[in-house]
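Structural overview
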Number of protein chains: 2
Amino acid sequence: MSELPDHVDIRDVTLRDGLQIENPIPLSAKLELLAAIAATGVREMEATAFVSPSKVPTLADAAELAAELHNFPGIEFSALVASPNGAKRAIAAGLRSLEYVVSAADGHSRANVGRDTAEATALIGDIVAIAHDSDVTVEVIIATAWDCPFDGPTPPQRVLDIVTAACDHGVDRLAIADTIGTTTPRRVTELVELIKPRIGDIPLGAHFHNTRGAGLASAYAAVSAGITRLDASVGGLGGCPFAPGASGNIATEDLVYLLRDSGVHVDVDLQKAIDAARVAQRAVGHELPSALLRAGDRILG
Amino acid sequence: MSELPDHVDIRDVTLRDGLQIENPIPLSAKLELLAAIAATGVREMEATAFVSPSKVPTLADAAELAAELHNFPGIEFSALVASPNGAKRAIAAGLRSLEYVVSAADGHSRANVGRDTAEATALIGDIVAIAHDSDVTVEVIIATAWDCPFDGPTPPQRVLDIVTAACDHGVDRLAIADTIGTTTPRRVTELVELIKPRIGDIPLGAHFHNTRGAGLASAYAAVSAGITRLDASVGGLGGCPFAPGASGNIATEDLVYLLRDSGVHVDVDLQKAIDAARVAQRAVGHELPSALLRAGDRILG
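Counting restarts for each chain: residues are numbered from 1 in the order of the written sequence. To label them, take the chains in the order written and letter them from A, then take the ligands in the order written and number them from 1. Local features are withheld for residues below a pLDDT of 70 in this predicted model, meaning they are given only at 70 or higher, and side-chain atom pairs are given and counted only at 80 or more; totals for whole chains, interfaces and linings count all residues. Values shown for side chains rest on all heavy atoms present in the structure; no hydrogens or waters enter the calculation.

As annotated in an unreviewed UniProt entry, chain A carries the name HMGL-like family protein and comes from Mycolicibacterium hassiacum. Of the comments in the UniProt record for chain A, the one headed Sequence similarities (unreviewed entry) reads "Belongs to the HMG-CoA lyase family." UniProt positions are given in the numbering used here, feature names are shortened, and annotations may be inferred rather than shown by experiment.

See the structure below:
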C-alpha cells in the first residue's frame with residue numbers, strides 16, 4: 001500500500017472553473033457563494049480569470065470581484081490568466097497569485113487561446129517576469145495533460161517540455177490538469193512519477209474532472225503518488241464544453257470525505273462544504289452532481 | 001505502483017440489486033433489459049432474488065423470470081437468497097448459482113433478514129448442503145463489510161468470522177459488499193489484504209456502491225489488491241434505502257472505461273453497456289447516475 005501524505009491542500013476553483021461555462025450570475029450571488037466557501041475553512045481559492053470577457057462572459061466582472069477579496073483575509077486568492085496582458089490586469093486588480101495555463105496539446109491550445117503549445121510556452125518567461133516584478137507568484141497549469149479532445153492522447157514528452165520550460169523560468173508552482181475528464185488512476189500515477197524527479201522543490205498540484213466518473217479515483221492515485229495539492233469545486237460545479245451535461249470538477253465535499261476516510265487531513269469542513277454546495281446549486285439554478293450533496297455524510301450508528 | 005490483473009470479471013447486478021428499490025416493472029421490460037445487458041458480452045448476471053415478495057415486490061416475479069433464462073445461453077445466472085427455503089425455491093426454479101448474504105453487522109442483519117449475524121452465519125451450512133446436493137454453487141456475500149447504518153464501522157474481525165465459517169462449510173465463492181456506499185480505497189485495501197491469506201483458492205469478489213462518489217476509487221483499489229471479480233449495474237442503477245436519491249451500484253460502463261484505460265481486459269463492450277444503460281433508464285423512468293451515459297466514451301482526435 002502506498003504511503004499517503006498527512007495533509008492535502010484543497011484549492012477551491014468554484015468561482016472560476018466552476019462557473020466558467022454557466023450563464024452569468026450577479027456579483028452579489030458570487031460573493032454569497034464565496035462567503036459560503038470561505039466558511040468551509042479552505043485556504044486557497046481560484047477567484048476568477050482575467051481573460052477575454054467576450055469569450056468567458058461569466059467572468060467579465062473579474063476586476064469588480066477582485067476588489068471585494070480583501071473582505072476574506074486568511075485565504076490566498078488566485079486568478080487565471082492566458083497572456084501577459086491578462087497578468088498585468090490581474091496584478092492591477094490586486095491579485096497576488098496567478099495561474100497561467102499552457103495546453104500540452106496543440107489542438108486544445110489553439111481552440112483555447114489561439115496559440116499552439118510552443119507559442120503558449122514561450123510566454124511563460126514574460127508572465128513570470130511581470131509577476132515577480134510585483135512580488136506576485138505564478139503557477140503554470142498544464143492543461144490536456146493526458147488527453148485532448150482534438151489531438152487524442154497527449155504524449156508525456158509534451159508535458160515534460162512545458163515542465164522544463166516552467167522550471168527554467170522560475171515558476172513558483174506547477175499543476176497538471178485533466179481538462180476533459182478522461183484520465184484514470186494508472187495514467188495519473190505514471191505521469192506524476194515522470195514529472196516529480198524533474199521539478200526539485202517546486203510544488204506540483206493536480207486538477208481532475210469527474211466527467212467519466214473516475215475523478216476521485218484519479219485524485220486518490222495522485223495523492224498516493226505524493227501530490228499534496230488538489231483542485232475541487234463545491235457541488236462538483238463546472239461542466240466540460242466538450243461533454244455537455246457531464247459532471248464537472250471533482251466535488252470538494254466528495255474529496256474531503258474520501259481523504260478524511262483515508263486518514264489524510266484537510267482544512268475544509270465536510271458539512272460546511274455541503275452547505276456551500278447548496279448555495280452553489282441555488283446560484284446556478286440547476287442540480288449539481290456531487291454525491292455527498294445527495295447522500296450526506298456517512299451514517300454512524 | 002501495484003500490479004493490475006490482466007482480466008476482471010464483471011457480474012451485472014442490474015436486474016436484482018439495481019431494481020430492488022425501484023417500483024415494480026413488468027416482466028417484459030425486465031426481459032428487454034436483460035437482452036440489452038446480455039448483448040454487452042457480460043458472462044455473469046445476478047438475475048433476481050428468492051426472498052419475501054412482500055418485502056421486495058419488484059422481485060416477486062423471480063420464478064417467472066427464471067423460466068426465461070434459458071433463452072440466454074453463455075451467461076451464468078445467479079439469484080440471491082436469504083434462507084434455506086429461498087435456496088430451495090431458487091433451485092426449483094432452475095438457478096444453478098446462489099448468493100447467500102450475511103451481514104457482518106447485527107443491526108443491518110436484523111433489519112434485513114430478522115436475524116443477527118451469528119444466526120445468519122449459522123445457516124451457511126444448511127444452504128451449502130441444499131445447493132451442493134443439486135450441484136448448485138453458493139457464494140457468500142458479506143454485507144456491511146465496512147460500515148453499517150445502525151452499528152457504525154464494522155470491526156474487521158466480524159467479517160473474518162463469516163469468512164472462516166463460509167470456508168469451513170465449503171462455499172464456492174466469497175464477496176465483500178459495501179452495502180451503504182461508505183468505504184474508500186484505503187479501507188478496501190486493508191480488508192482485502194486481511195481476507196486473502198485466509199481463503200486459499202476460493203475466489204473473492206467485491207461489490208461497491210457509488211453513494212458517496214468513491215465507488216470507482218474503491219473498485220480500483222480492490223483490483224489493485226488482486227480482486228478479479230466485481231459487481232456493477234448498467235447506468236449505476238440501484239439506490240440505497242438509507243440514502244434516498246443517492247447513487248446506486250457502480251455503473252458498469254464507468255467501470256469498463258476505468259479498467260480498459262488501466263489496461264485490464266473485461267468481457268463487457270463499453271458502447272453496448274451505454275446502450276443497455278439507456279434501456280434501463282427507460283425501464284425505470286428516471287435519470288440514472290452513470291457518468292458515461294452523459295459524457296460518452298473518450299473523444300479521440
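Having put the structure on the table, let's press on.
**Side note on the overall build of chain A**
Of the regular secondary structure elements, chain A holds 13 helices and ten strands. The globule rule puts the C-alpha radius of gyration for 301 residues at 19 Å, and the 18 Å found for chain A is close to it. Along the three orthogonal principal directions, the C-alpha set of chain A runs to about 55 × 45 × 35 Å. For chain A, the residues scored as buried account for 63% of the 301 residues in total. Here, two residues are considered to be in contact whenever any of their heavy atoms come within 4.5 Å of each other. A separation threshold of at least 6 residues defines the contact pool for chain A, and within that pool the share at least 24 residues apart is 74%. Helix and strand labels come from DSSP, where a helix needs a run of H or I of at least four residues and a strand needs a run of E of at least two; each type is numbered from the N terminus. Computation of the radius of gyration draws on C-alpha atoms, with the globule rule given as 2.2 Å multiplied by the number of residues to the power 0.38. For every residue, the accessible area (1.4 Å probe, protein chains only) is compared with the maximum for its type, and the residue is labelled buried under 20%, exposed over 50%, or partly exposed between those bounds.

**Some thoughts on the relation of the copies chain B and chain A**
The copies were overlaid with a least-squares fit restricted to C-alpha atoms from residues scoring a pLDDT of at least 70 in each copy. For the pair chain B and chain A, the best superposition has an RMSD of 0.0 Å and corresponds to a rotation of 180° with a translation of 0.0 Å parallel to the axis. Taken together, the turn and the small shift mark the pair as related by a two-fold rotation axis. Rotation axis and chain B: the residue whose C-alpha lies nearest the axis is Ala-217 of chain B, separated from it by 2.0 Å. Of the residues that chain B buries at the interface, 100% are likewise interface residues in chain A, meaning the two copies contact each other through the same surface.

**Looking at the interface of chain B and chain A**
Often, the extent of an interface is quoted as the loss of accessible area upon association of its parts. In this assembly, 47 residues from chain B lie in contact with 47 residues from chain A. A carboxyl oxygen of Asp or Glu within 4 Å of a side-chain nitrogen of Lys or Arg is what we treat as a salt bridge. Our count for the contact surface shared by chain B and chain A stands at four salt bridges. Taking the shortest distance from any N to any O, the salt bridge between Arg-298 of chain A and Asp-147 of chain B comes out at 3.4 Å. N or O atoms within 3.5 Å of each other form a polar contact, as long as, within protein, one can give a hydrogen and the other can take it, and as long as residues adjacent in sequence are counted only when both atoms are side-chain atoms. Where chain B packs against chain A, one counts 16 residue pairs in polar contact (both at pLDDT 80 or more). The set of elements that each furnish at least two residues to the side of chain B that touches chain A consists of strand 6 (147-148), strand 7 (152-153), helix 9 (185-195), helix 10 (215-224), helix 11 (252-261) and helix 13 (292-295) of chain B. Top contributing element to the side of chain B that touches chain A by residue count: helix 9 of chain B, with six residues.

**Observations regarding the packing of helix 2 (residues 27-38) of chain A against helix 12 (residues 270-284) of chain A**
Each pair of packed helices gets described by two things: the angle between the helix axes and the distance between those axes. All names here are of chain A. Their axes nearest at 8 Å, the elements helix 2 and helix 12 cross at an angle of 170°. As summarised for this structure, helix 2 and helix 12 are arranged roughly antiparallel, according to the angle between their axes. In this structure, helix 2 uses Glu-32, Leu-33, Ala-36 and Ile-37 to contact helix 12, whose residues at the interface are Lys-272, Ala-276, Val-279, Ala-280 and Arg-282. All residues other than Ala, Val, Leu, Ile, Met, Phe, Trp, Tyr, Cys, Pro, Asp, Glu, Lys and Arg, Gly among them, are scored as polar; the first ten of these are nonpolar and the last four charged. Here the contact of helix 2 with helix 12 is composed, by residue class, of six nonpolar, no polar and three charged. Each axis is a line fitted through C-alpha atoms, and for a helix only the stretch in contact is used; angles between axes span 0 to 180 degrees, taken between their N-to-C directions. Under this scheme an angle from 65 to 115 degrees is roughly perpendicular, one under 35 degrees roughly parallel, and one over 145 degrees roughly antiparallel; angles in between are oblique.

**Description of the packing of helix 11 (residues 252-261) of chain A against helix 12 of chain A**
Residue and element names in this part refer to chain A. Close contact between helix 11 and helix 12 brings their axes to 8 Å; oriented N to C, the two are set at 165°. One element, helix 11, and the other, helix 12, form an angle in the roughly antiparallel class. Helix-helix and strand crossings are classified by hand; for helix 11 and helix 12 the assignment is left-handed. Packed against helix 11, whose contacting residues are Thr-252, Glu-253, Val-256, Tyr-257 and Arg-260, the element helix 12 presents Leu-270, Ala-273, Ile-274 and Ala-277 at the interface. Residues belonging to the contact of helix 11 with helix 12 are distributed by class as follows: six nonpolar, one polar and two charged. Here a crossing is taken to be left-handed if its near helix is turned anticlockwise relative to the far helix by less than a right angle, and right-handed if that turn runs clockwise.

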